[in-house]
Amino acid sequence: MDFQVIIDNLPLYFQGLWTTVRLVFTALIAGLCLAVPIALLAASKNRWVSILPKAYIYFFRGTPMIVQMYMIYHGMGQFGLMRESFLWVIFKEAYWCALISFALNTAGYTAEILRGAIAQTDFKEIESARAFGMSDAIMYRRIILPSAFRRALPAYGNEVIFMLHGSALAGVITIVDLFGAARIVNARNFVPFESYIAAGLFYLCLTFLIVWGFKMAERHWHAYLRPRES
Amino acid sequence: MSVIIDYIPLILKGMLLTVELALLSLLIAMVLGIAGALAKLSKSPIARSVAGIYTTIIRGIPDLVLMTILFFGGQIIVNDIGDKLGWEYIDISPFMAGTVTLGFIFGAYFAETFRGGILAVSRGEIEAGIAFGMTPIQVFLRITLPAMIRHALPGFGNNWLVLTKATALVSVIGLQDMLYNANLAGGSTRKPFTFLCAVAFLYLVITGVSNFGLRWLDKRYSVGVRKA
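Treat the numbers as computed from the prediction; the structure is a model and nothing was measured.

Let us now look at the overall build of chain B. Within chain B, the regular secondary structure consists of eight helices and zero strands. Considering only C-alpha atoms, chain B reaches an extent of 70 × 55 × 25 Å along its principal axes. Restricting the contact set of chain B to residue pairs at least 6 apart, pairs at least 24 apart contribute 75%.

Below, the structure is given as structure tokens:
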């Protein structure tokens, strides 16, 4: 094994690292913003309200992310209307296609996590909120959502890791993220082992960082669940 | 429309490969998973740390990256060993590489699931087995394994669904699964969206059938358990 090639190409890897982090972070923020309304609608008891968001969740959780990404990256060009519209500026760029498909995908998974957390709210909490005369909006803002977010935290940590791992797909559609950088290094020097293992190590570090971050977050937000220190 | 119908056999052929790939790698993953779970629960510190490293590394690196490492690297390693032992050049088929890689990756996830399942089996049942004079292997095969399935089933179902979706990644390393064939068909007919929709639908079919089967299994293994 010859890791000199990797050291020579470290700038490329760091460029890829930055792209990966930016892509994942933006997709997660956008996905979370989408997921909250979807989850609220999907948790509704009215079947006509919940059917569309549930179908959204079912589709995005039931199909591979790579298919969703191809549908946006390769698929959108099929429609002449799309190619002529102003949206084409966005849909012809691989970066935007990856970002959009990642955000839509993580929105589906996050919405399901939140929906489950909302559905699990203790009914006594809702009863006492009603007894205090809270309107639905206030009840959601003060009672249901804060506790649902707390319950959703561990599962959301897993979703963030899955998003990071899924983001390697961006390298397949010509984006120079960590995986894309490894592909370039391999293509130039033919060092498949070294180049991909280096990328793997970067991903491993990012995963550990996320795990640590969520541990800290849980320590803060789940402080009331910790056994009391005597 | 007729153009699309011409390509249906190709897509269905790809679907067959996807299902084969998923089932075969499930088999490998379950064997590795049980071995990993037993190693994690064993008294030997070496077995525990080997299993710990295996699950941590596999679950910390994207499956796509692992697949490329094992696919390209595995080929080199096998032939390096073959060179020293004087074998002829061995060409690993993409199907074999894909199956082994997916099995190897998901073995780590199954190890965690099975570990949880084994821990959920009540200690009393195992003690009863020992009291009957069973050997450790008999205790595992007759008591722990059947009793653990019920506890491991939800995690098992989850892993299976993630595994079927991960099979789509093999199209990146050149295996002709349904996604690969759909891209081919979409490229030559200039209707990629139509074919990708068909693939998405077929994945939903696989998921739906699996959910149905998993519910049946759950019912079968929860016989005798009272539910609230």
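Let us keep going from here.
Looking only at helices and strands, one finds 11 helices and zero strands in chain A. For chain A, the sequential pattern of α-helices and β-strands runs α-α-α-α-α-α-α-α-α-α-α. A principal-axis box enclosing the C-alpha atoms of chain A has dimensions of 70 × 60 × 25 Å.

One frequent convention defines the size of an interface as the accessible area lost when the parts assemble. Listed per partner, the contact involves 29 residues of chain B and 25 residues of chain A. Of all the secondary-structure elements, those providing two or more residues to the side of chain B that touches chain A are α2 (45–60), α3 (63–85), α7 (178–189) and α8 (192–221) of chain B. Taken together, the residues that form the side of chain B that touches chain A break down as 19 nonpolar, six polar and four charged.

With that out of the way, let us pick up the packing of helix α2 (residues 10–42) of chain A against helix α10 (residues 178–189) of chain A. All names here are of chain A. As a packed pair, α2 and α10 sit with axes 7 Å apart at the nearest point and diverge in direction by 155°. Judged on the interaxial angle alone, α10 and α2 are roughly antiparallel. In this structure, α2 contributes L12, Y13, Q15, G16, L17 and T20 to the contact, and α10 contributes L178, G180, A181, I184 and V185.

Quick look at helix α3 (residues 47–62) of chain A now. Compared with an ideal rise of 1.5 Å per residue, which puts 16 residues at 22 Å, α3 of chain A spans 21 Å between its outermost C-alpha atoms and is within 8% of the ideal. Inspection of α3 of chain A places P53, I57, F60 and G62 of chain A among the buried residues, and these make up the whole buried set. Tucked into the core, α3 of chain A has its buried residues touching α2, α4 (65–73) and α7 (94–119) of chain A together with α8 of chain B.

Quick look at the environment of Y203 of chain B now. Here Y203 of chain B is to be found in helix α8. For Y203 of chain B, a count of 24 C-beta atoms within 10 Å corresponds to the buried category. Expressed as a C-alpha distance, the spacing of Y203 of chain B and N158 of chain B, which sit 45 residues apart in the sequence, is 15 Å. With residues up to four places along the chain from it excluded, the contact list for Y203 of chain B reads G62, T63, P64 and V67 of chain A together with K165 of chain B.

Attention shifts here to the nonpolar core. Counting residues in each nonpolar core, the largest one holds 111 residues, and the members touching the most others are V67 and A199 of chain A together with V65 and V199 of chain B. Counting residues per element, this core draws most heavily on α7 of chain A, which supplies 13 residues. Setting aside its immediate chain neighbours within four residues, V65 of chain B contacts A168, F179, Y196, A199, G200 and Y203 of chain A.

Leaving glycine aside, a negative phi is the common case for residues, and trans is the common case for peptide bonds. The backbone phi angle of F190 of chain A is positive, close to 50°, even though this residue is not glycine. With respect to the element layout, F190 of chain A can be found in the loop between α10 and α11 (192–221). Residue F190 of chain A is classed as exposed on the basis of its 10 C-beta neighbours within 10 Å. A positive phi angle is found at R190 of chain B, which is not glycine, with a value near 60°. Note that R190 of chain B resides in the loop between α7 and α8.

If you check α10 of chain A, its first and last C-alpha atoms are 17 Å apart, about what 12 residues at 1.5 Å a residue would give, namely 16 Å. Along α10 of chain A, the positions that sit buried rather than exposed are L178, F179, G180, A181, A182, R183 and V185 of chain A. Where the residues of α10 of chain A are buried, they touch α1 (4–8), α2 and α11 of chain A together with α3 of chain B.

What follows covers the packing of α3 of chain A against α7 of chain A. Residue and element names in this part refer to chain A. Packing of α3 against α7 brings their axes to within 8 Å, and their N-to-C directions diverge by 115°. Regarding α3 and α7, the two cross each other, and that crossing is left-handed. On the side of α3, the interface is formed by P53, Y56, I57, F60 and R61, while α7 contributes L104, N105, G108, Y109, A111 and E112. By residue class, the composition of the contact of α3 with α7 is seven nonpolar, two polar and two charged.

The rules behind each value
- Residues numbered from 1 in each chain as written.
- Chains lettered and ligands numbered in written order.
- Predicted model: local features only at pLDDT ≥ 70, side-chain atom pairs only at ≥ 80, totals over all residues.
- Helix = DSSP H or I, 4+ residues; strand = E, 2+ residues; numbered from the N terminus.
- Contact = placed C-beta atoms within 7 Å.
- Nonpolar A, V, L, I, M, F, W, Y, C, P; charged D, E, K, R; others polar.
- Axes fitted to C-alpha atoms, helices over the stretch in contact; angles between N-to-C directions.
- Parallel < 35°, antiparallel > 145°, perpendicular 65-115°, else oblique.
- Expected span 1.5 Å × (residues − 1).
- Buried ≥ 20, exposed ≤ 12 C-beta atoms within 10 Å, placed from the backbone.
- Core = buried A, V, L, I, M, F, W, Y, C linked by C-beta atoms within 7 Å.
- Left-handed = near helix turned anticlockwise from the far one by under 90°.

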